[in-house]
Structures are given as structure tokens and as C-alpha cells.
Amino acid sequence: MKMKSGFTLLEMLIVIAVIATVVAIGVPAMGTFIQNDRLTTQINTLVGHLSLARSEAVKRAQGVAVCVSNNTTSCTGTNNWEQGWIVYVDVNGNGARDGGEEILRVKQALEGGNTLKPATIGSQVTYDYRGFASGASVGSFSLCDSRGATYGKAIAISNTGRVRKESSVSC
């Protein structure tokens, strides 16, 4: 007599129960991981663009600015940084992007419904030829998602143009 090999119904139900338990535990943790990763990526992108603007200002010996932009070509003049921003060379130093001024980087709107709020910074961060941030460009940003300040990220820009991580976040 030949033995038939295979799974019994009981064995199959146990395997399905184990898989369901692992998925039930893993899926919420994956959502939190995605939210945390999105915040980290977005704040690092901002820091990178600010650092680029500072280094280009020194390298080119002229002003470079980062401003709010919702169309990737001009500054909006609003404080809605979650709309996106552009990094441009401010050749004439007038604090506004004119037609012939070079755009160095573009950032589209933030994903995930996250908010990026400046504390004292307006709609633009400007670096002079020494890499120093101008008066209105000194301050901090808070990046938050739907979970609030507990999970938020913050950075500060000093008078010398240095960008650093802040411990206090206000959403």
C-alpha cells in the first residue's frame, strides 16, 4: 500500500493562522516605518538644498536663495513651504528670481500631507557671498505629519548659515 503525502486540513489551518498573525503585527509597524522614513527623507532634502545654496553662494561669490515655489520656476512669496521650493542664483541680489537667473535645484510639493512651517523665516532663505544667512533667513523649520510634534523633525539656520538639527518641534 502506498502512502499518500500532502498536508492535512489541520496543518494548513495552523500555517494560515501563523501567517495571519505575522501580517497583523507587521502591517501597522510598516506604516509607522514609512511615515518615519518620509519625514527623515523630506528634512534631509531641505538640509541638502540649504547646504547646496550656501556652498554655491561661496563658490560663485554671489547670492544664492531658496524660496517657496509651487510651479518650479518662480517664487510664490508665501510661507507654504510644503508646496515645494527652488534653489536659484540671485545674480542681481534683489531677493526675487528674475528670468535669466539660474535654477540649481527644484523640490516638488511634500508627499504624505506633511507640513513644513518656518518659525521666523519668511518665504525665502538667502545666502550672501560669504555663505552667511541674511537676517530674515535666520530661524527654524518644523516638519510634521498627522502624528504631531512627537514624531516631527526640526532644523535651525544660524547667522553664519549653518544648518543644524533642533530638539524642539512645534507643529
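The coordinates are above.
This is a predicted model, so every value here is computed, not measured. (Residues numbered from 1 in each chain as written. Predicted model: local features only at pLDDT ≥ 70, side-chain atom pairs only at ≥ 80, totals over all residues. Heavy atoms only, no water.)

**What about the side chain of Glu-82?**
Here is the rule we go by: Under the scheme used here, helices are H or I runs from DSSP no shorter than 4 residues and strands are E runs no shorter than 2 residues, and both carry numbers assigned from the N terminus. Between buried and exposed lies partly exposed: a residue is buried under 20% and exposed over 50% of the maximum accessible area for its type, with that area taken using a 1.4 Å probe on protein chains only. We call two N or O atoms a polar contact when they sit within 3.5 Å, provided that within protein one can donate a hydrogen and the other can accept it, with sequence-adjacent residues counted only if both atoms are side-chain atoms.
Within the secondary structure, Glu-82 sits in the loop between β1 (64-68) and β2 (85-89). With a relative accessible area of 17%, Glu-82 lands in the buried category. A polar side-chain atom of Glu-82 sits 3.3 Å from a polar atom in the side chain of Lys-117.

**Considerations on the sheet that holds strand β8 (residues 163-166)**
Here is the rule: Pairing between strands is defined by DSSP: at least two bridges between the two strands are required. Think of each axis as a best-fit line through the C-alpha atoms, taken over the contacting stretch in the case of a helix, with angles from 0 to 180 degrees between the N-to-C directions.
Spatial ordering of the open sheet is given by β4-β6-β7-β8, a layout of four strands whose pairing is antiparallel. Lying at the two open borders of the sheet, with one neighbouring strand each, are β4 (115-118) and β8. Taking each pair of neighbouring strands and ignoring which way they run, the sheet shows an average axis angle of 25°. Bridge analysis of strand β6 (residues 139-144) against strand β7 (residues 153-157) gives five bridges, and the strand direction is antiparallel. Along β7, the bridge assignment pairs Leu-143 with Lys-153.

**A word on unusual backbone geometry**
Phi at Ala-61 is positive, roughly 55°, even though this residue is not glycine. By the element assignment, Ala-61 lies in the loop between α1 (9-60) and β1. Ala-61 sits in the exposed class, given a relative accessible area of 53%.

**Here's the deal with the sheet that holds β2**
Picture the strands of a sheet paired through backbone hydrogen bonds; they go either parallel or antiparallel. Stated precisely, the cut-off is as follows: Residues count as neighbours in contact if any of their non-hydrogen atoms are within 4.5 Å of one another.
The sheet built from four strands is open, its strands ordered β3-β2-β1-β5 with antiparallel pairing. A single partner strand is all that each edge strand has here, and the edge strands are β3 (103-107) and β5 (124-127). Along the sheet, successive strands turn relative to each other by an average axial angle of 10°, direction set aside. For β1 and β5, the ladder comprises four bridges, and the chain directions are antiparallel. Following the sheet pairing, Val-66 is matched in β5 by Val-125. Contacts between α1 and the sheet are confined to β1, β2, β3 and β5, with β3 contributing the most and set at about 175° to the helix.

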